[in-house]
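# Fold and contact review
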Amino acid sequence: MLTGSIPFTQGDLPYLRSLDLGHNNLSGPIPFTRGDLPYLTSLDLSHNNLTGPIPCNFSRSFSIDSFAGNKGLYIDEINSVCFFSPTASISSASSKKRTHYSEIFLPITLFLSFLILGSLFLYRWHKIKNSQPKAKESKNGDIFSVWNYDGRIAFEDVIEATENFDFRYCIGTGGYGSVYKAQLPSGRLIALKKLHKMEAEEPSFDKCFNNEVKLLTEIRHKNIVKLYGFCLHHRAMFLIYEYKEKGSLFCVLRNDDEAVELDWKKRVNIIKGMAHALSYLHHDCSPPIIHRDISSNNILLNPDWEGIVSDFGTARFLYPDSSNQTLLAGTHGYIAPELAYTMVVNESCDVYSFGVVALEIVMGKHPGELLSSLLSSPSNPHIMLKDVLDSRFLPPSNQVVAQSVILVVTLALACLRSNPKSRPTMQQVCREFLVHKPGPLPQPLQEIPLCHLMNQDNCVVEKN
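Quantities reported herein were computed from a predicted structural model and do not represent experimental measurements. (Residues numbered from 1 in each chain as written. Predicted model: local features only at pLDDT ≥ 70, side-chain atom pairs only at ≥ 80, totals over all residues. Heavy atoms only, no water.)

## Concerning the overall build of the chain
Within the chain, the secondary structure is distributed over 17 helices and 15 strands. Among the 464 residues that make up the chain, the fraction classed as buried is 43%. Sequence separation of 24 or more characterises 59% of the internal contacts of the chain that already satisfy a separation of 6 or more. (Helix = DSSP H or I, 4+ residues; strand = E, 2+ residues; numbered from the N terminus. Buried < 20%, exposed > 50% of the residue type's maximum accessible area, 1.4 Å probe, protein only. Contact = heavy atoms within 4.5 Å.)

Rendered as structure tokens:
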């Protein structure tokens, strides 16, 4: 996951023998040559976004596999032809003769080489341009913006797979479009979010759609949904995602048969996945990204029952020099209360939403009534921990799992504090999961009052 250009200063690594930077997202030219790294015997720069020529003699010293997967690289034919390595013994006369010939033929060779390369470039550009019929493009939209990691997904494949977005393939509706399930000719299952024609003409929906494309093409995390491609055209606007077989957390929790499959260990893991995704957005992206619509409907589940954050239509970058005031966005019941009067978005807004979803996972339903009870009487000793656990199956009997559930509830309640500044950051939440060492329960689960877990003096996050 390395990005940017390869940093290199001549003399930094004179005795380097092996360099493996393959399968990253590096860009720019290759900054070193064979002379810079005379001892290099193994090189792998494959599958990046490198551009420019492969330095002199590299194409002869290393196999082409060392540079595969970089669409912007090409062999430096001029240097490999014109600049020869000196032989063991060369007389002064022959050296002068070579210099004389070089002065004559080098400019000619350079001119001819550039002429040939220019002709090849123009021929290839003309061929590519003519291979895409204009009638087809105007009919089908901007097909060049539809892609995936192993080749282009043709626009026609999408239309055929969904029978022109027939209602039978629709598996749900989002904030600004419908979601379809489709199987490509290769057998791959994908999910498509399509903006309806009426919504496409609405500037706010169009902005959300473009916003999601911008954000999801710049971030990568195992707990954030992958964007395979998109099409932005007045005839059809849609996003192509990886398909998640288990669907949304919202639907699973409300289906008794599927909810029972979510044992306590799986539920804790879903919450951990959400926390790591939000910590990545808040603390590992520059500028930070605020999701603004964390809800159970926007958490997808993969075959391993891991939580995947989706729907970035209302997400935004958090710029340090901006007021970060915004219109109210999000799902009712998950929005931080301070947004109603401050309209200032920051990381603590996502933290509050995370707390709501974490409690929803533990309870098996939205914690609306519990939030109201805690707000009116936070020190009520009659609300027990066992009363807020999903009643569709027994409380955790395993000591380790029980301690993890207690930790989750404690952290969730800390995230729901009315004062945004007293809430933990998502980085702190992830740290608590990391350093948590389960031990014997201080008292039976059934006897733990919820107010004990809300006591800020006893809060694990505040201690650290």
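Still to come is the rest of the account.
## Quick word on the nonpolar core
Counting residues in hydrophobic clusters, the biggest one holds 84 residues, and the most contacted among them are Ile219, Phe312, Phe354, Leu385, Val409 and Leu450. Broken down by element, the residue count for this core peaks at 11 residues, all from helix α12 (residues 347-363). Discounting residues that sit within four places of it in the chain, Phe354 has contacts with Ile271, Met274, Ala275, Leu278, Ile294, Cys415, Met426 and Val429. Among the nonpolar cores identified, the runner-up in size contains 17 residues, and Leu43, Leu45, Phe67 and Leu73 belong to it. (Core = buried A, V, L, I, M, F, W, Y, C linked by side-chain atoms within 4.5 Å.)

## Quick look at the side chain of His291
By the secondary structure assignment, His291 is in the loop between β12 (289-290) and β13 (299-301). At a separation of 2.8 Å, a polar atom in the side chain of His291 contacts the main-chain carbonyl oxygen of Ser310. (Polar contact = N/O pair within 3.5 Å; in protein donor to acceptor, adjacent residues only side chain to side chain.)

## Focus: the pairing of strand β9 (residues 189-195)
Burial of β9 is extensive: six of the seven residues sit out of reach of the surface. Taken together, the six bridges between strand β8 (residues 178-183) and β9 define a ladder with antiparallel strand orientation. Paired with Gln183 across the bridge in β9 is Leu189. From the end of β8 to the start of β9, which pair antiparallel, there are five residues, and Gly187 there has a positive phi angle of about 100 degrees. Sheet topology note: the β9/strand β11 (residues 236-242) ladder contains six bridges and is antiparallel. The residue bridging Leu192 from the neighbouring strand is Ile240, located in β11. (Pairing = 2+ DSSP bridges.)

## Overview of unusual backbone geometry
Following Ser286, the chain continues to Pro287 via a peptide bond in cis, the omega torsion being 0 degrees. Of note, Pro287 is situated in the loop between α10 (264-284) and β12. Non-glycine residue Glu163 carries a positive phi angle of around 50 degrees. The residue Glu163 is located in the loop between α5 (155-161) and β7 (170-173) in this model. Positive phi values are uncommon outside glycine, yet Trp305 reaches one of about 60 degrees. One can find Trp305 in the loop between β13 and β14 (307-309). Residue classification places Trp305 among the buried positions, given a relative accessible area of 7%.

## Some points on α10
Helix length check: α10, at 21 residues, gives a terminal C-alpha distance of 29 Å against a target of 30 Å (1.5 Å per residue), a fit within 8%. The N-cap residue of α10 is Asp263: its side-chain oxygen and the backbone nitrogen of Lys265 are 3.2 Å apart. (Expected span 1.5 Å × (residues − 1).)

## Details of a nonpolar patch on the surface
A cluster of nonpolar side chains, Ile108, Phe111, Leu112, Phe114, Leu115, Ile116, Leu117 and Leu120, forms an exposed patch at the surface whose accessible area comes to about 800 Å². Residue placement: Leu120 occurs in helix α3 (residues 92-130). (Patch = residues over 30% accessible without salt bridge, like charges linked within 9 Å, V, L, I, M, F, W, Y side chains within 5 Å. Areas by Shrake-Rupley, 256 points an atom, 1.4 Å probe, with all protein chains shown as cover. Salt bridge = Lys/Arg side-chain N within 4 Å of Asp/Glu carboxyl O.)

## Let's talk about the pattern of salt bridges
Where charged atoms from two side chains of opposite charge come close, those side chains can pair. For the structure on display, the rule yields 10 salt bridges. Put simply, Asp256, Arg267, Asp390 and Arg392 are held in one network by salt bridges that share partners.

As far as function goes, none of this settles anything; it's purely spatial.
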